[in-house]
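Here is what each chain is made of, one letter per residue.
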Amino acid sequence: MAQRETWATRTGFILAAVGSAVGLGNIWRFPFQVGQEGGAAFLVIYLLLIIAIGFPVMIAEFVIGRRTNRNPVGALQRLGSGTWRYVGWLFFATGFLILSYYSVVAGWTLRYVLLGLQGDFIADVGEAEAQFVSVASGLDALLFHAIFMAAVLAVVGFGVRRGIELAVKVLVPAIIAILVGLAIYSFTLAGASEAYSYYLSPDLGTIADNWRSILPAAAGQAFFTLSLGMGVMITYASYLGEDRNLAEDGGIIIGLDTGIAFIVGLVVFPIFFTAGVDPADPGAGAIFVTLAAAFGDLTFGWLLGAIFFATVAIAALSSAISILEVVVSYLVDERDIDRLPATLGIGTAIFVVGLPTTLDLVLIDLYDKLVNDILLVLGGLILAVFVGWIIYETALDELEKGVRDLGSMGAAWIWFLRIPAVIGLLVVVALGILGYYEFLTGDFADWIGDTI
Ligand code: PHE
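Cut-offs and rules
- Residues numbered from 1 in each chain as written.
- Predicted model: local features only at pLDDT ≥ 70, side-chain atom pairs only at ≥ 80, totals over all residues.
- Helix = DSSP H or I, 4+ residues; strand = E, 2+ residues; numbered from the N terminus.
- Expected span 1.5 Å × (residues − 1).
- Core = buried A, V, L, I, M, F, W, Y, C linked by C-beta atoms within 7 Å.
- Buried ≥ 20, exposed ≤ 12 C-beta atoms within 10 Å, placed from the backbone.
- Contact = placed C-beta atoms within 7 Å.
- Axes fitted to C-alpha atoms, helices over the stretch in contact; angles between N-to-C directions.
- Left-handed = near helix turned anticlockwise from the far one by under 90°.
- Nonpolar A, V, L, I, M, F, W, Y, C, P; charged D, E, K, R; others polar.
- Near = placed C-beta within 6 Å.

(A) Looking closely at helix α12 (residues 246–275). In this model α12 runs 44 Å from its N-terminal to its C-terminal C-alpha over 30 residues, within 8% of the 44 Å that 1.5 Å per residue would give. Looking one or two residues beyond α12, the residue adopting positive phi is G276, at roughly 75°.

(B) Local environment of the nonpolar core. Core analysis: the biggest nonpolar cluster contains 164 residues, and A60, V152, A218, A320, V377 and V387 have the highest contact counts within it. Once residues lying within four places of it in the same chain are set aside, the contact partners of A320 are L99, Y102, S103, A106 and V152.

(C) Looking closely at the packing of helix α10 (residues 204–225) against helix α16 (residues 361–390). Remark: α10 packs on α16, axes separated minimally by 8 Å, with the N-to-C direction vectors making an angle of 65°. Judged by the twist between their axes, the crossing of α10 over α16 is left-handed. In this structure, α10 uses P216, A217, A219, G220, Q221, F223 and F224 to contact α16, whose residues at the interface are N372, D373, L376, V377 and G380. A class-by-class count of the residues in the contact of α10 with α16 yields seven nonpolar, four polar and one charged.

(D) Quick peek at the site of the ligand. Neighbouring the ligand are 15 residues, the closest being G23, L24, G25, S227 and S319. Of all the elements in the fold, those that place two or more residues in the shell around the ligand are α1 (12–21), α2 (24–36), α10 and α14 (301–335). Considered class by class, the residues forming the shell around the ligand number seven nonpolar, eight polar and no charged.

(E) Layout of the packing of α1 against α12. The geometry of α1 relative to α12 is characterised by a closest axis approach of 10 Å and an angle of 35° between their N-to-C directions. α12 is crossed by α1, and the crossing has right-handed handedness. Where α1 approaches α12, its residues F13, I14, A17, V18 and A21 are matched on the opposing element by D249, I252, I253, L256 and D257.

(F) Summary view of the environment of P31. Residue placement: P31 occurs in helix α2. Owing to 25 C-beta atoms within 10 Å, P31 belongs among the buried residues under this scheme. Sequence-wise, P31 and F262 are 231 residues apart; in three dimensions their C-alpha atoms are separated by 8.8 Å. Leaving out residues up to four positions away in the same chain, P31 has contacts with V264, G265, V268, A286 and I287.

(G) Fine view of the environment of W302. Tracing the sequence through the fold places W302 in helix α14. For the pair W302 and L114, spaced 188 residues apart in sequence, the C-alpha to C-alpha distance is 9.6 Å. Apart from the residues within four sequence positions on either side, W302 is in contact with G116, G119, F121 and F295.

So, to be careful, I would describe these as geometric facts and stop short of saying anything about function.
Structure representation (structure tokens):
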């Protein structure tokens, strides 16, 4: 391998990590998870998990990456003994699967840019929902999946990541500005106060009754949105110099990512409550339906909407690149395949694996639940065990670099990984598997029955 690059600027790493974290997870996935899991009850659990598990696991990934300067497979092999290499493969498979449907959803956002430019947003929520269904499956979905994937391949294949690094600098503020504007618009709607109490005031009874489904959904969402559990943060930290304070960087990344998702909720729910739509109903279409309706309602909404969806598409691009980077860096570093053929070959395979999800939304669920409710949290569990119980001395030594005085923070970090993260994630993985089984024998079996 040629000499390894490091990030060009001090902020390069944070920008790239934020670019990876902020994406469809915050804007598309978060609101419909909240909607399906009962609003504020989900939000509280989600925030707790981000702090108690997401943050420590993120630092764990950073430490592994910076210590080894390798891709996830090589990194785990170097730090642990032989069998840890299989964990790298799990990351590889997870990344492969995520990107296959992520690209399809990102394709929807591209289609919505065109809808805006054509002046086709519909103010009526019911009609907007029908419009969403036609965008999300069939030929349209396939075509835009292809276009998005081609863009990802072009960026990763030619290694022009620096352009993305810069784009993130502009994009993240742009996303925040547009979302804040929309949140103010939503605040003026008739359904706003009902929506706020749904979204912001948790009911302990709901949590007690539904924790079996809230917990895996919230943990999966926390890992997905923070790009954790599949080696992205290992890979990005592997290009890092020793002067960074990893805990501080992690805090910034998590703060921005969580803040953006939170604001999306403030935009979406007032629109649903005003239109009298149950937030659980539109599922994966939530964001598209409500935003299209909001944009359809505003003067110049078409323009604002086109800008917004283009921004989301680019945010999705910077996330997709980080996923493909994990997969490609493994092929390049460990399998000695040249970068361009590795990218094109694996990219085509990912595109093909994503194709079924353009048939019906239930297939998006099929992939998305497997990834979020099982694979990412399993990856997180393994990382927590590995860093918390096995290489904790090395890990502490690595974290200390760049931090002036670690104090008791280091020990707290290791203990968070050892006990709450390991136990919490064990429960989550078990519940996730049960839930997925229910989905396979329920909604999915119904769909198969209807189709055949
Ligand atoms: N965090 C990204 C998002 O929110 C998705 C992602 C998941 C990226 C896992 C990398 C790894 O859209």
